Amino acid sequence: MEFLRTHSVRIVAALAALTPLLVARWPGIDWYALAAVAAALLGAGEVAQRVENNKTSEALRQTSPLDELAAIHMQLAQRERDLAR
C-alpha cells in the first residue's frame, strides 16, 4: 500500500500513456471498453490528486528543522546582546 501511496501519480500517468498505444496496436478495440478505461483513468487521476494533496497538507503541518534552528539562532543572538551590555 505504501508503494501505491508513494507512486500513485506515476502509476496513473503510465496507464494513461499506455492507453493510446493499445489503440494503435489493436485498432479494432471496442470503443465501449476504451471509454470505460478512460473513465477509470479519470477516476484514478482524481484519487491520485487527492492523495498528493493530503501528502502536501501533512508536510505543511510539520515543523521544519530549519525553523527550529532559526529559533535557536535568535536565542543565541539575544544572549550575545545581553552579554554585550
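Bear in mind the structure is a predicted one, so any value in this text is a computation, not a measurement.

## Things to note about the overall build of the chain
Of the regular secondary structure elements, the chain holds three helices and zero strands. The linear arrangement of helices and strands in the chain, starting from the amino end, is α-α-α. Taken over C-alpha atoms, the radius of gyration comes to 25 Å for the chain, far larger than the 12 Å a tight globule of 85 residues would show. Overall, the C-alpha framework of the chain stretches about 85 × 20 × 20 Å when taken along its three principal axes.

## Points about the packing of aromatic side chains
Taken as a whole and judged by the stated rule, the model has zero aromatic pairs. A cation over a ring is seen here: Arg-25 above Trp-26, with NZ or CZ 5.7 Å from the ring centre.

## A few points about the environment of Gln-49
Within the secondary structure, Gln-49 sits in helix α2 (residues 31-61). Along the backbone, Gln-49 and Leu-66 are 17 residues apart, and their C-alpha atoms lie at a distance of 28 Å.

## Quick look at α2
If you check α2, its first and last C-alpha atoms are 45 Å apart, about what 31 residues at 1.5 Å a residue would give, namely 45 Å. Looking at α2, one finds that the buried residues are Leu-34, Leu-41 and Ala-48.

## Quick word on the pattern of salt bridges
Applying the stated criterion to the full structure yields two salt bridges. Of the charged contacts in the structure, one is a salt bridge between Glu-46 and Arg-50, with a shortest N-O distance of 2.8 Å. One end of the pair, Glu-46, and the other, Arg-50, are both in helix α2, four residues apart, so they sit about a helical turn from each other. The salt bridge involving Glu-52 is made with Lys-55; its shortest N-O contact spans 3.0 Å.

Quick notes on the rules
- Residues numbered from 1 in each chain as written.
- Predicted model: local features only at pLDDT ≥ 70, side-chain atom pairs only at ≥ 80, totals over all residues.
- Heavy atoms only, no water.
- Helix = DSSP H or I, 4+ residues; strand = E, 2+ residues; numbered from the N terminus.
- Rg over C-alpha atoms; globule rule 2.2 N^0.38 Å.
- Phe/Tyr/Trp six-rings, centres within 6.5 Å; stacked < 30°, edge-to-face > 60°.
- Lys NZ or Arg CZ within 6 Å of the ring centre and 35° of its normal.
- Expected span 1.5 Å × (residues − 1).
- Buried < 20%, exposed > 50% of the residue type's maximum accessible area, 1.4 Å probe, protein only.
- Salt bridge = Lys/Arg side-chain N within 4 Å of Asp/Glu carboxyl O.

Interpretation note: all reported values are geometric properties and have no functional meaning in isolation.
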